[in-house]
Amino acid sequence: MISEKKLNFLILIFLFLVPLFSILLNDIYITTLFSKIVILAIAGIGLNLILGYGGMVSFGHAAFFGLGGYVTGILAFHFNNYEPIQILVFEFEGTNHLLLIWIFTLIFSSILAFFIGYFSLRTSGVYFIMITLAFAQMLYYFSISWPTYGGEDGLSLSLRNQIPFLNTMDPITFFYICYVWLIITIIIVKFILNSPLGISLKASKENEDRVRSVGINPKKVKLITFIISGAITGLAGSLYADLNRFVSPTILSWQMSGEIMILVILGGMFRLYGPILGAFFYIILEQFLGGITENWQFWLGFIILLEVLYAKAGIMSFLIRDKYDEKTSS
Amino acid sequence: MSILLRIDKLSAWYGDTRVLNEVDIEIKEGEIVALLGRNGMGKTTTLHSVCGIIEKVSGKIFFKNNLISNLPSYEISKLGIGLVPEGRRIFSNLTVEENLIVASRKGYWDLNKIKKIFPRLSERLTQMSNSLSGGEQQMLAIARTLMTNPKMLILDEATEGLSPNIRNEIWTIISEIKKKDVSIILVDKYLNKIKQIADKLYILDRGENAWNGKPYLLTDQIVKKYLSV
């Protein structure tokens, strides 16, 4: 049992050293696997902002994850094929510059999150779950029926997108790109959680009427954080597309939304670093249980069942001293 | 002293049931006004109507000459009306400090002044607010509302269920707040204390104005008729 701060620090150190373990064990796949863990952790941190801290059970975060992936894929596809994207009278050649792709991803996911959030936040509870799911499913079916970008087969990228002076095709370099984004995400979300916006979000989760009575519009607070959450998850989707050099409708499916939610719950809601542990255990379970039995998801379900019954704060609660108390700041 | 709040023929309904019937109330700047009446006579409903919490109301409510009866509750709060609701409604998933800063707006009351007036809270800033005692939670509810720097504070049963010591502490705090030119409407059961502290009393009976006047005009006969159980 250690303090939460120490555990968080250890998690970051461990992740930082992953490429070293990978080199020592002479297995570069470990680095690629951990790139996936880090990317899913970023998506999870994005979801946890609204799920754990805001009480908004979004079952449609695959919409942002997938959009991030498709923005990345489509921009690179047009750039690689020398076929400009035509929007009315404008033409855009596409790009393979990651910095530019990330900016586009953040803009498009924010716009989508505004749109989905604006309508979804008029509802609550089970209706909110259903409406977020419905939006994601709309995008999923749209992507399937869009032959320009591969339809059901998806879209392959011949190379990863580029950053000047870095070889993104090198697994270790790409891992550290993801790692830096993880750190940036943690800093941003931590800052938000300790700001009046984040505190209002946590207060809105407890009681919206009470929040209104102190002069705050909880809908506005929730919408702003929903947009931030969508943007973060979108960015994770962009990194995921580059990691696999492939995007397909699968990353827009409800299973993807479920995966992101499961890793948040598994790691521990209300904890900033919970989704990192969640992503780690989820992928490790997938890899190792998947190697032993085809029914690994049955055992995952069993583990989640135990967790929900006995440790609501997730894996984090087993490892740290302070127990479940919906801790607010991390 | 100019009029800060004017309630003009306020009626309110819960579903089809009318619970307030053309209630009139006026509060001047810097005044403490107490709403009295037996349980279920419409005191809390009146306060909630002012704060925009009751959905179905008619009549007009003016605050600083602005019509506020159609505004959402968060806009009313922003104009300078701060409600301390009945039953210590703090944000229990936040720390004491977070409860205070969540709603803070610029003005006389800031964290330092709150710490001075509520020393009990200043010692517990980093504690989760649900770990406070009942009296401390009530103080936190008042302090949180003060941090919004209201021009008018509404205290609904602020001393209910508290020990005599804590109750006296809260009465002292209310007097301190009054000195800072904050008007106060309060609902409370301790008539003797109210008579000492309030500038004006309104008695509600079955959702209607029954009597109003200065505290010294409140006779035993009126008390017996409208307030005795």
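1. Details of the interface of chain A and chain B
- Residue-level contacts link 18 residues of chain A with 19 residues of chain B.
- Carbon and sulfur atoms make up 60% of the surface buried where chain A meets chain B, a total of about 1800 Å² over both sides.
- The largest share of the area that chain A buries against chain B comes from Ile 199, Arg 210 and Val 214 of chain A, three residues that together contribute 32% of it.
- A salt bridge links Lys 202 of chain A to Glu 98 of chain B, with the nearest nitrogen and oxygen atoms 3.2 Å apart.
- For the interface between chain A and chain B, the tally reads nine residue pairs in polar contact (both at pLDDT 80 or more).
- Among the secondary structure elements, those contributing two or more residues to the side of chain A that touches chain B are α7 (196–206) and α8 (208–213) of chain A.
- The dominant element in the side of chain A that touches chain B, judged by the number of residues it contributes, is α7 of chain A, at five residues.
- Here the residues of the side of chain A that touches chain B sort into five nonpolar, seven polar and six charged.

2. Details of empty space enclosed by the protein
- In total, this model carries two cavities of 30 Å³ or more according to the counting rule given.
- Of the voids in this model, the second largest cavity is the one considered here, and its volume is about 40 Å³.
- Surrounding the second largest cavity, Arg 212 and Ser 213 of chain A together with Cys 51, Ser 73, Ile 76, Ser 77, Ile 81 and Leu 83 of chain B form its lining.
- At the level of elements, α8 of chain A together with α2 (73–79) and β6 (81–84) of chain B are the ones that each hand at least two residues to the lining of the second largest cavity.
- Top contributing element to the lining of the second largest cavity by residue count: α2 of chain B, with three residues.
- Taken together, the residues that form the lining of the second largest cavity break down as four nonpolar, three polar and one charged.

3. So, the confidence of the model for chain A
- When pLDDT is averaged along chain A, the result is 92, and 97% of the positions lie at 70 or above.
- Segment residues 324–330 of chain A is flagged for pLDDT under 50; beyond a separation of four residues in sequence, or across chains, it makes 30 contacts in the model.

4. Considering the sheet that holds strand β2 (residues 17–28) of chain B
All names here are of chain B.
- Ordered in space as β2-β1-β4-β5, the four strands form an open sheet in which the pairing is antiparallel. Sheet topology places β2 and β5 (66–67) at the edges, where each strand pairs with a single neighbour.
- Summarising the sheet, strand β1 (residues 3–14) and β2 pair through eight bridges and their orientation is antiparallel. Considered in β2, the bridge of Leu 10 is made with Val 23.

5. Focus: the pattern of salt bridges
- Under the defined criterion, the tally for this structure stands at 18 salt bridges over all chains.
- Between Lys 219 of chain A and Glu 208 of chain A there is a salt bridge; the shortest N-O distance is 3.3 Å. Separated by 11 residues along the polypeptide, Lys 219 of chain A in helix α9 (residues 218–244) and Glu 208 of chain A in helix α8 bring together distant segments of the chain.
- For Glu 176 of chain B, the salt bridge is made with Lys 179 of chain B, and the minimal N-O distance between the two is 3.2 Å. Remark: Lys 179 of chain B and Glu 176 of chain B occur in helix α7 (residues 164–179); sequence separation between them is three residues, near one turn of the helix.
- With a relative accessible area of 61%, Lys 179 of chain B lands in the exposed category.
- Salt bridges sharing common partners tie together Glu 208, Asp 209, Arg 212, Lys 219 and Lys 222 of chain A.

About the cut-offs
- Residues numbered from 1 in each chain as written.
- Chains lettered and ligands numbered in written order.
- Predicted model: local features only at pLDDT ≥ 70, side-chain atom pairs only at ≥ 80, totals over all residues.
- Heavy atoms only, no water.
- Contact = heavy atoms within 4.5 Å.
- Buried area = accessible area lost by both parts, 1.4 Å probe.
- Salt bridge = Lys/Arg side-chain N within 4 Å of Asp/Glu carboxyl O.
- Polar contact = N/O pair within 3.5 Å; in protein donor to acceptor, adjacent residues only side chain to side chain.
- Helix = DSSP H or I, 4+ residues; strand = E, 2+ residues; numbered from the N terminus.
- Nonpolar A, V, L, I, M, F, W, Y, C, P; charged D, E, K, R; others polar.
- 1 Å grid on protein atoms, 1.4 Å probe; cavity = no way out; pocket = protein on both sides within 12 Å on 5 of 7 lines; lining within 4 Å.
- Points joined across faces, edges and corners; volume = space filled by probe spheres on them.
- pLDDT = per-residue confidence, 0-100.
- Pairing = 2+ DSSP bridges.
- Buried < 20%, exposed > 50% of the residue type's maximum accessible area, 1.4 Å probe, protein only.

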